[in-house]
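Structural overview
If you want the building blocks of each chain, they are given just below.
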Amino acid sequence: MKLIVSSPPHWHNDSNVSKVHFFLILALLPVAVFSVFTYGMHAARVISVAISTAVISEILIRRLFRKPASIEDGSAIFAGLLFALIMPASAPYWLIISGTFLGILVGKEIFGGLGCYPFNPVIVGWALSKISWPNYFNYDLASAEYNLNFDFRYPLYLLKKGGVETIADIGLVDLFFGQQAGGLGSGAVFLLLLGGLFVIYKGVYSWETPVSFAAGMVFMSTIFWLVNADMYANPLFHLLTGNAMIGIFFLATDFSSSPFTKWGKIVFGLSIGILTIILRAWSNYPDGVFFAILIMNLFTPLLDRINKKPTTAKVIML
Amino acid sequence: MNQLTLNNTEIEIIDFPEPKEIILPVRRYDGKEKALKIKDGTRLVTGEQIIPGLVSTVTGTVAGVEGLAFPDGDYTVLRIEVEGKDELSEHVKSEPEYLKKDPAKLLRLLNQANLKLSSKLSDIKTVIVSAVDPDPPAVIQQQLFRENEELIREGLELIKHITGAERVVLAVSGEQSDLAKKVAGGIAEIKLIKSKYPHSLPEIIANDIVDSDHSDQIGFLSIEKLLSAVLALKEGLPAVYKTVSIISKNGVVNYKVRIGTLLKELLKDIPIADNAKIILGSPLRGDSCYTTDIPVTGDVDMIYVQDSSEVYRFQNQQCINCGSCVEVCPLDLPVNLIGRYAEFSIFDKCRDLDIESCLECGLCAYHCPAGRSLIQLIRLAKKELTTQNLMTAE
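These remarks concern the structure in this document. (Residues numbered from 1 in each chain as written. Chains lettered and ligands numbered in written order. Predicted model: local features only at pLDDT ≥ 70, side-chain atom pairs only at ≥ 80, totals over all residues. Heavy atoms only, no water.)

1. Overview of the overall build of chain B
Secondary structure summary: chain B contains 12 helices and 16 strands in total. Principal-axis analysis of the C-alpha atoms places the extent of chain B at approximately 60 × 50 × 45 Å. Burial statistics for chain B: of 394 residues in total, 55% are counted as buried. Counting contacts in chain B only where the partners sit at least 6 residues apart, residues at least 24 apart contribute 69% of the total. Carbon together with sulfur atoms contributes 48% to the accessible area of chain B, which is approximately 17,500 Å² in total. Counting 45 positive and 58 negative side-chain charges, chain B places the averaged centre of each group 2 Å from the other. (Helix = DSSP H or I, 4+ residues; strand = E, 2+ residues; numbered from the N terminus. Buried < 20%, exposed > 50% of the residue type's maximum accessible area, 1.4 Å probe, protein only. Contact = heavy atoms within 4.5 Å. Areas by Shrake-Rupley, 256 points an atom, 1.4 Å probe, with all protein chains shown as cover. Lys, Arg positive; Asp, Glu negative; His and termini not counted. Charge placed at Lys NZ, Arg CZ, Asp CG, Glu CD.)

2. Side note on the overall build of chain A
In terms of helices and strands, chain A carries 15 helices and one strand. Taking 2.2 N^0.38 as the reference for a compact globule, 318 residues should give roughly 20 Å; the C-alpha atoms of chain A span a radius of gyration of 21 Å, in line with that estimate. Expressed along its principal axes, the backbone C-alpha trace of chain A runs to roughly 75 × 45 × 30 Å. A burial count over chain A gives 58% of its 318 residues as buried. For chain A, the share of sequence-separated contacts (at least 6 apart) that also reach a separation of at least 24 residues comes to 76%. Where the 20 positive side-chain charges of chain A centre and where its 16 negative ones centre are 14 Å apart. (Rg over C-alpha atoms; globule rule 2.2 N^0.38 Å.)

3. Re the pattern of salt bridges
Residue and element names in this part refer to chain B. The full count for this structure, using the stated rule, is 27 salt bridges over all chains. Taking the shortest distance from any N to any O, the salt bridge between glutamate 21 and arginine 79 comes out at 3.1 Å. Linking glutamate 21 in strand 2 (residues 21–28) with arginine 79 in strand 7 (residues 73–82), this pair joins segments that are 58 residues apart in sequence. Overall, glutamate 21 belongs to the partly exposed group, its relative accessible area being 24%. Glutamate 149 is paired through a salt bridge with lysine 182; the nearest N and O atoms lie 3.1 Å apart. Of this pair, glutamate 149 sits in helix 3 (residues 149–163) while lysine 182 sits in helix 4 (residues 177–184), placing them 33 residues apart in sequence. Among the residues examined, glutamate 149 registers a relative accessible area of 27% and is labelled partly exposed. Accessibility expressed as a relative area gives 56% for lysine 182, which makes it exposed. Salt bridges here are not isolated pairs; linked through shared partners, they connect Asp287, Glu360, Arg379 and Lys382. (Salt bridge = Lys/Arg side-chain N within 4 Å of Asp/Glu carboxyl O.)

4. Things to note about the interface of chain A and chain B
By a frequent convention, interface size equals the accessible area lost on bringing the separate parts together. Listed as interface residues are 40 residues of chain A and, on the opposing side, 82 residues of chain B. A buried area of about 5,200 Å², summed over both sides, lies between chain A and chain B, and 59% of it is on carbon and sulfur atoms. Sorting the residues of chain A by area buried against chain B places A:His10, A:Trp11 and A:Leu318 first, and these three jointly supply 19% of that buried surface. At the boundary of chain A and chain B, one finds three salt bridges. (Buried area = accessible area lost by both parts, 1.4 Å probe.)

5. Let's talk about the sheet that holds strand 3 (residues 43–44) of chain B
Residues and elements named next belong to chain B. One open sheet accounts for four strands, arranged 2-7-6-3; its pairing is antiparallel. Whereas interior strands pair on both sides, the edge strands pair on one side only; in this sheet they are strand 2 and strand 3. Direction of pairing for strand 2 relative to strand 7: antiparallel, over a ladder of seven bridges. What sits directly across from leucine 24, in strand 7, is leucine 78. (Pairing = 2+ DSSP bridges.)

6. Some points on the packing of aromatic side chains
On inspection of all chains with the given rule, the structure shows 18 aromatic pairs over all chains. Above the plane of the ring of A:Tyr93 lies A:Arg45, whose end atom (NZ or CZ) is 5.1 Å from the centre. Geometry around B:Tyr241 places B:Lys256 over its ring, the cationic atom sitting 4.8 Å from the centre. (Phe/Tyr/Trp six-rings, centres within 6.5 Å; stacked < 30°, edge-to-face > 60°. Lys NZ or Arg CZ within 6 Å of the ring centre and 35° of its normal.)

7. Things to note about the state of the cysteines
Taken as a whole and judged by the stated rule, the model has zero disulfides over all chains. The thiol of A:Cys116 is unpaired, and the distance to the nearest cysteine sulfur, on B:Cys319, comes to 8.0 Å. With no disulfide of its own, B:Cys358 lies 6.4 Å from the sulfur of B:Cys364, the closest cysteine sulfur. (Disulfide = S-S within 2.5 Å.)

8. Notes on the environment of A:Leu158
Residues and elements named next belong to chain A. Structurally, the position occupied by leucine 158 is in helix 7 (residues 155–162). With 128 residues separating them in the primary sequence, leucine 158 and proline 286 have C-alpha atoms 8.5 Å apart. The contact partners of leucine 158, leaving out residues within four places of it in the chain, are Arg153, Gly163, Thr166, Ile167 and Ile170.

9. A closer look at a nonpolar patch on the surface
Residues and elements named next belong to chain A. On the surface, Leu64, Phe65, Ile110 and Phe111 cluster together into a nonpolar patch covering about 410 Å² of accessible area. Along the polypeptide, phenylalanine 65 turns up in the loop between helix 2 (41–64) and helix 3 (75–85). Classification of phenylalanine 65 as partly exposed rests on a relative accessible area of 33%. (Patch = residues over 30% accessible without salt bridge, like charges linked within 9 Å, V, L, I, M, F, W, Y side chains within 5 Å.)

10. Overview of the packing of helix 9 (residues 335–343) of chain B against helix 12 (residues 374–387) of chain B
Residue and element names in this part refer to chain B. Two elements in contact, helix 9 and helix 12, have axes separated by 9 Å at closest approach and are oriented at 60°. For helix 9 against helix 12, the interelement crossing comes out left-handed. Taking contact as the criterion, the partners of Val335, Ile338, Gly339, Ala342 and Glu343 in helix 9 are, on helix 12, Leu374, Leu377, Ile378, Leu380 and Ala381. Here the contact of helix 9 with helix 12 is built from residues that sort into eight nonpolar, one polar and one charged. (Axes fitted to C-alpha atoms, helices over the stretch in contact; angles between N-to-C directions. Left-handed = near helix turned anticlockwise from the far one by under 90°. Nonpolar A, V, L, I, M, F, W, Y, C, P; charged D, E, K, R; others polar.)

11. Points about the sheet that holds strand 12 (residues 241–248) of chain B
Residue and element names in this part refer to chain B. The six strands are arranged 1-13-12-16-14-15 in an open sheet whose pairing can be described as mixed. This sheet does not close on itself; its edge strands, each paired only once, are strand 1 (13–15) and strand 15 (287–288). Sheet topology note: the strand 14 (residues 277–280)/strand 15 ladder contains two bridges and is antiparallel. Paired with leucine 280 across the strands is aspartate 287, a residue of strand 15.

12. Quick notes on unusual backbone geometry
The omega torsion of the bond from B:Pro136 to B:Pro137 falls at 0°, within 30 degrees of zero and hence cis. One can find B:Pro137 in the loop between strand 8 (124–130) and helix 2 (141–147). Here the bond from B:Tyr197 into B:Pro198 is cis, since omega is 10°, no more than 30 degrees from zero. Residue position: B:Pro198 is located in the loop between strand 10 (189–193) and helix 5 (202–209). Within the chain, A:Asp14 stands out as a residue other than glycine whose phi angle is a positive 70°. Counting through the fold element by element, A:Asp14 comes out in the segment before helix 1 (17–39). A positive phi angle is found at B:Asn321, which is not glycine, with a value near 65°. One can find B:Asn321 in the loop between strand 16 (302–306) and helix 8 (324–328).

13. Looking at the side chain of B:His367
Turning to its location among the elements, B:His367 is positioned in helix 11 (residues 363–367). Residue class for B:His367 comes out buried when judged on its relative accessible area of 18%. Of note is the side chain of B:His367, whose polar atom sits 3.0 Å from the backbone oxygen of B:Leu363. Sequence-distant contacts of B:His367, that is, excluding residues within four places in its chain, are made with A:His12, A:Asn13, A:Ser15, B:Leu4, B:Ser324 and B:Val328. (Polar contact = N/O pair within 3.5 Å; in protein donor to acceptor, adjacent residues only side chain to side chain.)

Put into structure tokens, the structure is as follows:
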């Protein structure tokens, strides 16, 4: 009789890394389909180029680093898809390829791959491209060449340039159902919300970061709004536009670059929310979600120290 | 049903036939040969003290002193061949009027009856008596609680008398709260336990009961031990039996077995294929055995036979920092960091992150999507810290 010996536990809940990313990709799939309906084959082009670049560059980089390939864990596919969904539909091939490649190389693999990087690689790729080639990131004008069945103006851009009067005619319900210009998937608010709730239900990540992120945004924008409603937009407008929803559910919650303690997550989310609104109000960029997340990624190790000392009663087994 | 939900089904306890031979662990083998002054062929009777702290659980003759590797280390063991007829040692005495006697004397009597009670009873202010099995899927404590209302009531009085504790708390599952009220009324408080692991673990129950300062010492004992104590005093029966849940493909069976019965005897009706796992204890905290020539000791609650198809294989994958382990840890330890530090032999960092207080409940590794063998890493770090004298031994 040959017996197997190992350390406990001898049970497992059957989760694995591939499953985790499968759920995340599944949650984003409706958003991707929606973007194809909205922007047509342009969206399909961006998504497929981003995903294939992410997968190929991960294979090549890991081979270069002499590490086993890790495509089956799904993280590269997820990163590629997420990157595509925050790009404008007009993004040229070279921009998508270089952005995804930089994200995977500088954002992820240089630090040792999944679980080791300090910044969200998708945002790293986006930020590098955005700062290097800002003209190609014009979400607003980029949509002009497409035949959309809604206003092609990018709401946050209008707010930045024209003030509150210019957005007065934009209905919040339209925004909620994705009738807005922006990144491919960033505008599909209701689908992102559903997808986010799905992954929370599946236990991929916990509720703290998304809820506190949203709460931070509402809190800060309410203050601005109460101080001067003629200059600053209302909290719901902020929550429904730009990259708020995709940031709340899919970017801020990234495993490696966000805290793992409960209170760390709450402080992390609140800070991102508050920073986002401050950047939207006072920075040169219309949207501040990505930069807010990048800044707070920097504080993740510090926030992880917010943890109470474990207390255990002294138990004597009689 | 979730694996972590505590089992609450009613499963009858069956008397297991007397074994032909038993093995009793004498002491942990620490590398030095120490002669045990007992000759082969010496006759022992049930309840007889062999050396201080070791009581024979059968009537029979000594068949040898040997070394045996248990899952938790090497032991010197005593092999005893069992005679057909049971004979009780005259040293085990009953004391029916126990509530009127001196606690110190009762403690001595109980330890003569193989109860192995801790001697530090005087500092204890709170005693928890648990009618909940600490690990699923065993159903021993709850079953014993169902079957022995009267004796348990007497036991609660006895334990209050012996320890002089201010509080006696009876921990029960929600389903048994009515019965608990009947049993504990006027003697003990009742604490309802969520019927999900790890709420059933002694340390977690204790944490829920006492205040945050945790200065008091808390005594903990199971219903089974409480019953043995009452029976020892009331009827002069030494504690030579252990109730064990045997869990296999055939379902759950509860046996009342002699302490020292070999696993191969207990598992002889269960087909065990190659590459199966035999777990001494629960699938969450128990140790897997390399052989079935190991005896049941006083602290084995269950034996779990896992088919090779159910065996989970840990991966040597890197941590993805998802935080599942921290989320499920009953003490909110940063298990992801502890695991990584242990993996790369940075043990002093593990100590800084309070690895000492880890209960090894196994939930982190149970939930880890990367399939990391976290308990193994934690044990490695604890062991290293203890050997380097950086941490006080438990």
